[in-house]
Amino acid sequence: MIQNQWYVILRSKEVKKGKPVGFTRLGENMVAWRLDDDRVVVQSDICPHRGAALHQGKLMDETIQCPFHGFEFDASGACQYIPARGKTVPPPKIFQVKTYPSQERHGYIFIWYGEEQESYPPIPIYEELTSGFDYADYAESWTVHYSRAIENQLDVFHLPFPHRTTIGRGNRVISDGPLVRMVGDEMQIWVYSRKEDGSPARKASELAQPFRPPFLHFRFPHLWQNHISDDFRITVYFTPIDEGNTIMYTRYYQRMVKVPLLGWFIAWLSSIFSIIILHQDKRVVEKQLPIKSDFKMGEKLISADQPIILYRRIRKALQDGKTIQEINAE
Ligand code: FES
Ligand SMILES: [Fe+2]
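The rules behind the values
- Numbering of residues starts from 1 in each chain and follows the order in which that chain's sequence is written.
- Each chain gets a letter, beginning with A, and each ligand a number, beginning with 1, in the order they are written.
- Since the coordinates come from a predicted model, pLDDT governs what is reported: local features require at least 70, and pairs of side-chain atoms require 80 or more to be given and counted, while whole-chain, interface and lining totals use all residues.
- Hydrogens and water are ignored here; the side-chain numbers use all heavy atoms of the structure.
- Pairing of aromatic side chains here covers Phe, Tyr and the six-membered ring of Trp, requires ring centres within 6.5 Å, and sorts the geometry by plane angle: under 30 degrees stacked, over 60 edge-to-face, intermediate tilted.
- Runs of E in the DSSP output that reach at least two residues are strands. Runs of H or I that reach at least four are helices, and both are numbered from the N terminus.
- For the exposure calls, accessible area comes from a 1.4 Å probe over protein chains only, and a residue counts as buried if that area is under 20% of its type's maximum, exposed if over 50%, partly exposed in between.
- Charges are assigned to positions over rings by a cutoff of 6 Å between ring centre and Lys NZ or Arg CZ, combined with an angular limit of 35 degrees from the ring normal.
- A 2.8 Å cut-off from the metal defines N, O and S donors, relaxed to 3.2 Å for Na, K and Ca; water is not in the atom list, so some sites may appear incomplete.
- In this scheme the shape depends on donor count and angles: four donors with every angle between 85 and 135 degrees give tetrahedral, four or six donors with opposite pairs above 155 degrees and others between 65 and 115 give square planar or octahedral in turn, and any other case is irregular.
- Whether two strands pair depends on DSSP finding at least two bridges between them.
- Angular values range over 0 to 180 degrees, each being the angle between N-to-C directions of two axes fitted as lines to C-alpha atoms, with helices fitted over their stretch in contact.
- Residue count minus one, scaled by 1.5 Å, sets the expected span of a helix.
- Should any heavy atoms of two residues lie within 4.5 Å, those residues are considered in contact.
- Here a cavity means grid points, on a 1 Å grid over the protein atoms only, where a 1.4 Å probe fits yet cannot get out; a pocket means an open set of points with protein on both sides within 12 Å along at least five of seven lines; lining residues are those with an atom within 4 Å of a point.
- Grid points are joined across faces, edges and corners, and a volume is the space filled by probe spheres set on the points.
- Basically, the charged four are Asp, Glu, Lys and Arg, the nonpolar ten are Ala, Val, Leu, Ile, Met, Phe, Trp, Tyr, Cys and Pro, and anything else, Gly included, counts as polar.
- The domain boundaries here were taken from an automatic or database domain assignment.
- Accessible surface is computed with a 1.4 Å probe, and the buried area is the amount of it that two parts give up when combined, taken over both parts together.
- What makes a salt bridge here is a side-chain nitrogen of Lys or Arg within 4 Å of a carboxyl oxygen of Asp or Glu, nothing more.
- We define a polar contact as two N or O atoms separated by no more than 3.5 Å, with the added condition that, inside protein, one atom must be a possible hydrogen donor and the other a possible acceptor, whereas residues neighbouring each other in sequence contribute only through side-chain atom pairs.

Colleague: Got a minute to help me understand the packing of aromatic side chains in this structure?
Modeller: Pairs of aromatic rings are described using the distance from one ring centre to the other and the angle between the two planes. Enumeration according to the criterion identifies 16 aromatic pairs in this entry. Taking the centre distance of 6.5 Å and the plane angle of 80 degrees together, the rings of Tyr-108 and Phe-110 count as edge-to-face. Ring geometry for Tyr-108 against Tyr-237: centres 4.9 Å apart, planes inclined by 70 degrees, an arrangement best described as edge-to-face. One end of the pair, Tyr-108, is in strand β11 (residues 108–113); the other, Tyr-237, is in strand β17 (residues 232–242), and 129 residues separate them in sequence. Residue classification places Tyr-237 among the buried residues on the basis of a relative accessible area of 2%. An aromatic cluster of three or more residues is present, and its members are Tyr-108, Phe-110, Tyr-237 and Tyr-249. Directly above the ring of Tyr-126 sits Arg-219, whose terminal nitrogen or CZ lies 5.2 Å from the centroid. Stacked on the ring of Tyr-135, the Lys or Arg Arg-251 has its end atom at 4.0 Å from the ring centre.

This is the structure in structure tokens:
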């Protein structure tokens, strides 16, 4: 995993008032619950007393009560009450539940995964999609390391094979370029594919400058956007559950049809089509070996793999503790 980043860990609708939810993300057991004023609290699901799962406990006024011995923890993680010691005895500070800095935006719950900081960078989100679009929402888990799931969506030349009956129709097997750029914290990819015509694939340097926005975008650590057109986009947050499982929080946005309900229906229809496409990938990607990718791993890559090479290089540098600014300046 890449440390010191914001990650989507749940959708807002999955955390309801009055009921804590337990789940695993980023290899850690977590519990999420809501305060009366609607704020979301995300904490370790492991009670510091003797390891019971807090999500099995009860929500009190502003605290979560452990199901085992009733210790109560507040939104900051501090223990407020140890019933066995009596109301008049203040709990010692060592009974602290790990509490993740969290934010809720546009129907997603984000946590900061890493060291506490005085101030945090902005959360990764496409602001232009937060108004004016209808969207359909979908989440699905794959038994893959997150790197393989992300690389699948950065892979620009597999379409004629697993997707030959859907988006890969037409046998456009030749992949010119692709053009790949890093702009701030975002990878931008322009895709050029064509049929075999006897001429070899052209290098990125031989391609004309693009006249349309990039087709694929990827913002570290885990947000991908397919810019199908200005009015139709797909986004995915690839969230690691653990080293072998990844959940994909997917949205299908459209603003071609502006009639309420019909607009949502169009987005929903496209989500159904996209799920079929996703499953064409799933059967291949879940069998890829080794389980996770790395910057140096012995795969024999070709120039059409350029987006994957760049992803691996930047991920490695971020894992080594560099910032995007430092990486871009190299
Ligand atoms: S294990 Fe949680 S209070 Fe004892
Ligand atoms: Fe695919």
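Colleague: Is there a simple way to think about the coordination of the iron ion (ligand 2) in this case?
Modeller: Reference values for coordination geometry: four tetrahedral donors around a metal ideally subtend 109.5 degrees, six octahedral donors ideally subtend 90 or 180 degrees. Protein coordination at the iron ion (ligand 2) comes from His-158 (NE2), His-163 (NE2), Asp-281 (OD) and Asp-281 (OD), with a distance range of 2.1 to 2.3 Å. In this structure, the iron ion (ligand 2) is surrounded by four donor atoms whose angles at the metal cover 59 to 145 degrees, and the resulting shape is irregular. The class for His-158 is buried, based on a relative accessible area of 14%.

Colleague: Got a minute to help me understand the sheet that holds strand β1 (residues 5–11) in this structure?
Modeller: A sheet is described by the order of its strands in space; here three strands give the open sequence β1-β11-β10, paired in antiparallel fashion. A strand with exactly one partner marks an edge of an open sheet, and here the two such strands are β1 and β10 (102–105). Strand-to-strand twist in this sheet, taken as the mean axis angle between neighbours without regard to direction, amounts to 30 degrees. The pairing of β1 with β11 spans six bridges and is classified as antiparallel. Paired with Arg-11 across the bridge in β11 is Tyr-108.

Colleague: Is there a simple way to explain helix α3 (residues 306–319) in this structure?
Modeller: An α-helical turn contains 3.6 residues, so a residue and the one three or four places further along point in the same direction. Taking 1.5 Å of rise per residue, the 14 residues of α3 would be expected to cover 20 Å, and the 20 Å separating its terminal C-alpha atoms lies within 8% of that figure. On its buried face, α3 is in contact with β1, α1 (146–154), β13 (174–183), β14 (186–194), β15 (216–219) and α4 (324–329). Remark: Gly-321 follows α3 within two positions and exhibits a positive phi of approximately 95 degrees.

Colleague: Please explain the layout of surface pockets as it appears in this structure.
Modeller: Rolled over the atoms, a probe sized like a water molecule indicates the empty space that remains. Here the largest pocket is characterised by a volume of approximately 920 Å³. As for the largest pocket, its lining consists of 40 residues, of which Leu-159, Ile-167, Phe-215, Leu-216 and Asn-226 are closest to the centre. Every element with two or more residues in the lining of the largest pocket is listed here: α1, β14, β16 (223–229), β17, β18 (245–254) and α2 (262–285). Grouping the constituent residues of the lining of the largest pocket by class yields 23 nonpolar, 12 polar and five charged. The space that makes up the second largest pocket amounts to roughly 500 Å³.

Colleague: Looking at this structure, how should I read the sheet that holds β16?
Modeller: Whether parallel or antiparallel, the strands of a sheet pair through hydrogen bonds between backbone atoms. In spatial order, the strands read β12-β18-β17-β16-β15-β14-β13; together these seven strands make up an open sheet with antiparallel pairing. Of all the strands in the sheet, the pair left with one neighbour each is β12 (134–142) and β13. This sheet shows a mean twist of 20 degrees between the axes of neighbouring strands, independent of strand direction. Taken strand by strand, α2 contacts β12, β17 and β18, and its axis lies near 20 degrees from that of β12.

Colleague: Help me understand the domain arrangement of the protein in this model?
Modeller: One frequently used descriptor of interface size is the decrease in accessible area upon assembly of the parts. Considered domain by domain, the protein is made up of domain 1 (5–113) and domain 2 (127–329). Relative placement of domain 1 and domain 2: their C-alpha centres are 34 Å apart. Taken together, the 18 residues of domain 1 in the interface contact 20 residues of domain 2. Of the roughly 1600 Å² buried where domain 1 meets domain 2, counting both sides, 54% is carbon and sulfur surface. Considering only the side of domain 1, the residues that lose the most area to domain 2 are Arg-11, His-106 and Tyr-108, jointly responsible for 37% of the buried surface there. The partner of Arg-11 in a salt bridge is Asp-137, with the nearest N and O atoms 2.8 Å apart. Linking domain 1 with domain 2 are 13 residue pairs in polar contact (both at pLDDT 80 or more), by the criterion used here. When contributions to the side of domain 1 that touches domain 2 are tallied by element, the ones reaching two or more residues are β1, β2 (21–25) and β11. No other element matches β1, which puts seven residues into the side of domain 1 that touches domain 2.

Colleague: I'm lost on the pattern of salt bridges in this one. Help?
Modeller: For side chains bearing opposite charge, pairing can occur when the charged atoms are close. Enumeration according to the criterion identifies 23 salt bridges in this entry. Residue Asp-320 is joined to Lys-316 by a salt bridge in which the shortest nitrogen-to-oxygen separation is 2.8 Å. Its relative accessible area of 51% is what places Asp-320 among the exposed residues. Taking relative accessible area as the criterion, Lys-316 reaches 31% and is therefore assigned partly exposed. It is possible to trace a salt-bridge network through shared partners that takes in Arg-11, Lys-13, Glu-14, Asp-137 and Arg-251.

Colleague: What is the right way to read the side chain of Thr-246 from this model?
Modeller: Along the chain, the position of Thr-246 falls in strand β18. Among the polar contacts made by the side chain of Thr-246, one reaches the main-chain carbonyl oxygen of Val-144 at a distance of 2.8 Å. Here the side chain of Thr-246 touches Tyr-146 through a polar contact of 3.0 Å, landing on its backbone nitrogen. Contacts of Thr-246, omitting those with residues within four sequence positions, involve Glu-140, Ser-141, Trp-142, Val-144, His-145, Tyr-146, Ala-149, Phe-238, Thr-239 and Ile-241.

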